[in-house]
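Descriptive structure summary
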Amino acid sequence: MTLSLAVSPCPNDTFVFHALIHGLVGGAPAVDLTFADVDVTNTAAERGEFDLVKVSYAALPWLLDKYDLLPCGGALGRGCGPLVLTRDARADLTGATVAVPGDRTTAYLLMRLWSAEQPPARIEVVPFHQIMPGVADGTYDAGLVIHEARFTYQRYGLTALADLGEWWESDTGLPIPLGAILAKKGTVDPDQAAGWIRESLRKGWLDPAASQEFILANAQEMEPSVVRQHIELYVNEFTLNLGRDGLAAADALLGRAAAAGLTPAVPSLVS
């Protein structure tokens, strides 16, 4: 079989999946790779388009009928949450037009929970690379950003109104669940897939230089120092194994979202 895989071109995904993509994991099938932003993969997964796919945890209520959540390979951790950025000082998002990277992203769900009492006036879904320039030039009053923007937003003259990761962690004591890896039911054995991904990750940790050219060729932020920071932050112990804390974090996010009427309810992920 050939495994259809969709992940982002971000350094954490290219680091984790490098060995699997390049046929370096023993016993794993060949991979047909698609790079796409998470807003695209969230929608594609709802149509069942890929065998293995990186999606937002916030999208799981619409996907768990077709896919199994894998216990590895995703993005979950501490100190790595989305940021709400502004050009001018403001206390909240009341009356603001906010650019977001997708309407079913974890970042947007967290922002909706955080801003429930002072919601913005308007939301625009914008390709990620356009968000910071759009806030800087006044097209948007605020922008919701993820990943490497944590390390580069000051270059645009922007300030962080909120670190949604800090807010989440202080409120729940749990890590923040950002991106999940799913395996298509009836097509991919989830235990086998988890084994392939873990072996790919271990190979990446064992020989980081082997994947560097591939990572830099696909990174939206090409500076090696930023790429290194990105991988160090988003590839962590939860990437190898979600564990009870990781599953509890996902449960807490989806439980709060369902209670607020923002997503359908799903059964607990913690067995």
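Bear in mind that the values here come from a model prediction, so they are computed numbers and not experimental data.

So, the overall build of the protein
Summing up its helical and strand segments, the protein has 11 helices and 11 strands in all. By the compact-globule yardstick of 18 Å for 271 residues, the protein fits well, its C-alpha radius of gyration being 18 Å. Per-residue burial for the protein yields a buried fraction of 53% across its 271 residues. When contacts within the protein are restricted to residue pairs at least 6 apart in sequence, those whose partners lie at least 24 apart make up 78%. In the structure as shown, the protein presents an accessible area of about 11300 Å², 49% of it carried by carbon and sulfur atoms. Across the protein, the centroid of the 19 positively charged side chains sits 3 Å from that of the 32 negatively charged ones.

Some points on the UniProt feature "binding site: substrate" (unreviewed entry) in the protein
Per the UniProt record, "binding site: substrate" (unreviewed entry) is found at K54, V55, S56, T106 and A107. One can find S56 in strand β3 (residues 52-56). S56 has contacts with V38, N42, R104, T105, T106 and L178, leaving out every residue within four places of it along the chain. Mapped onto the elements, A107 comes out in helix α3 (residues 106-114). When neighbours within four sequence positions are excluded, A107 is seen to be in contact with P82, L144, I146 and L164.

As for the UniProt feature "active site" (unreviewed entry) in the protein
This chain's UniProt record puts "active site" (unreviewed entry) on H147. Position of H147 relative to the elements: it lies in the loop between β9 (142-145) and α5 (149-152). Given a relative accessible area of 13%, H147 falls into the buried group. With near-sequence residues (within four places) excluded, H147 lies in contact with C10, N12, H230 and Y234.

Quick notes on the packing of aromatic side chains
Inspection of the entire model under this criterion finds one aromatic pair. When the ring of F35 is compared with that of F214, the centres are 6.3 Å apart and the planes differ by 35 degrees; the resulting orientation is tilted. Taken together, the positions of F35 in strand β2 (residues 30-35) and F214 in helix α8 (residues 212-218) put the pair 179 residues apart, joining distant regions of the chain. F214 sits in the buried class, given a relative accessible area of 17%. Here the guanidinium or amino end of R104 rests over the ring plane of W62, the centre of that ring lying 3.9 Å away.

Cut-offs and rules
Residues numbered from 1 in each chain as written. Predicted model: local features only at pLDDT ≥ 70, side-chain atom pairs only at ≥ 80, totals over all residues. Heavy atoms only, no water. Helix = DSSP H or I, 4+ residues; strand = E, 2+ residues; numbered from the N terminus. Rg over C-alpha atoms; globule rule 2.2 N^0.38 Å. Buried < 20%, exposed > 50% of the residue type's maximum accessible area, 1.4 Å probe, protein only. Contact = heavy atoms within 4.5 Å. Areas by Shrake-Rupley, 256 points an atom, 1.4 Å probe, with all protein chains shown as cover. Lys, Arg positive; Asp, Glu negative; His and termini not counted. Charge placed at Lys NZ, Arg CZ, Asp CG, Glu CD. UniProt positions renumbered as here; feature names shortened; annotations may be inferred. Phe/Tyr/Trp six-rings, centres within 6.5 Å; stacked < 30°, edge-to-face > 60°. Lys NZ or Arg CZ within 6 Å of the ring centre and 35° of its normal.

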